[in-house]
Amino acid sequence: MIQAIAFYVLSAVSVIAALRVVLASNPVHSVLWLITSFFSAAGLFVLMGAEFLAMLLVVVYVGAVAVLFLFVVMMLDVDFLKLREGFARYLPFATIVAAVLLIEMILVSSAVAARGAARGAQPIDINPDMTNAEAIGRVLYTDYVYIFQAAGVVLLVAMIGAIVLTLRHKPHVRRQKIADQVGRDRKKAVAMTQPVTGKGMRPEDLV
């Protein structure tokens, strides 16, 4: 009984938070609703017995992605009035896309519920004494190790591409030159002076 109540409460909160992510006028509020949706989905994973996925959802998405979104939204100077002006113009197209996605999810869910999973998806024999994290690790790093590595390469290429596209060298900005610092000799780094006693050092002697 308690599990059923928790399931319906977490599901309702997750759906409402997901809707508020799209419908909220303030982007900061959208990110906060997104964090709420992630937490609710993590609770649903715990109810399903997938505590490892719940931990990943909280640590990776809430702790990194959503917080990064929040900082980026708060730091960028975005004209939110212009963003809201185009909402009504793209609403019909967005409704069509959402309807198509909803129909696809209903068809897939109905097919799986009626006929089971696809023929190629065979159930995995897992030792009942094995923990959830160990079971996922064994499957991920044995049967799907090449796909996992390929996904890592794709993410690495995307990260390098984002850095290259956004990197801008501004003029008149002094940058650290590590090669010059490491390769300098004593003559360039040290200046020997002979100050006169009682007169101190002049500013030009320090250059």
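As shown above, the structure is provided for reference.
Predicted model only: the values in this text are computed from it and were never measured.

Undergrad: Where do I start with the overall build of the protein chain in this structure?
TA: Helices and strands together make up the secondary structure of the protein chain, namely nine helices and zero strands. The order of α-helices and β-strands along the protein chain, N terminus first, is α-α-α-α-α-α-α-α-α. The proportion of buried residues among the 207 residues of the protein chain is 12%. Put simply, the protein chain shows about 17,700 Å² of open surface, and 69% of that area lies on carbon and sulfur atoms.

Undergrad: So what exactly am I meant to see when it comes to the packing of aromatic side chains here?
TA: Within a pair of aromatic rings, the relevant descriptors are the distance that separates the centres and the angle that separates the planes. A full pass over the atoms with the stated rule returns three aromatic pairs. Measuring from ring centre to ring centre gives 5.4 Å for phenylalanine 38 and tyrosine 61, while their planes differ by 55 degrees; the resulting arrangement is tilted. Taken together, the positions of phenylalanine 38 in helix H2 (residues 27–47) and tyrosine 61 in helix H3 (residues 51–75) put the pair 23 residues apart, joining distant regions of the chain. Among the residues examined, tyrosine 61 registers a relative accessible area of 41% and is labelled partly exposed.

Undergrad: Honestly, the pattern of salt bridges in this entry has me stumped. Any pointers?
TA: Note that side chains of opposite charge can pair when their charged atoms are close. Across all of its chains, the model carries one salt bridge by this definition. A salt bridge links arginine 138 to glutamate 134; the nearest nitrogen and oxygen atoms lie 3.2 Å apart. Of this pair, arginine 138 and glutamate 134 both sit in helix H6 (residues 132–140), four residues apart, roughly one helical turn. Under the relative-accessibility criterion, arginine 138 is labelled partly exposed at 48%. A residue is classified by how much of its surface remains accessible, and glutamate 134, at 36% relative accessible area, is partly exposed.

Undergrad: Teacher, can you tell me more about the side chain of serine 37 here?
TA: Mapped onto the elements, serine 37 comes out in helix H2. Once residues lying within four places of it in the same chain are set aside, the contact partners of serine 37 are Ser14, Ala17 and Ala18.

Conventions used here
- Residues numbered from 1 in each chain as written.
- Predicted model: local features only at pLDDT ≥ 70, side-chain atom pairs only at ≥ 80, totals over all residues.
- Heavy atoms only, no water.
- Helix = DSSP H or I, 4+ residues; strand = E, 2+ residues; numbered from the N terminus.
- Buried < 20%, exposed > 50% of the residue type's maximum accessible area, 1.4 Å probe, protein only.
- Areas by Shrake-Rupley, 256 points an atom, 1.4 Å probe, with all protein chains shown as cover.
- Phe/Tyr/Trp six-rings, centres within 6.5 Å; stacked < 30°, edge-to-face > 60°.
- Salt bridge = Lys/Arg side-chain N within 4 Å of Asp/Glu carboxyl O.
- Contact = heavy atoms within 4.5 Å.

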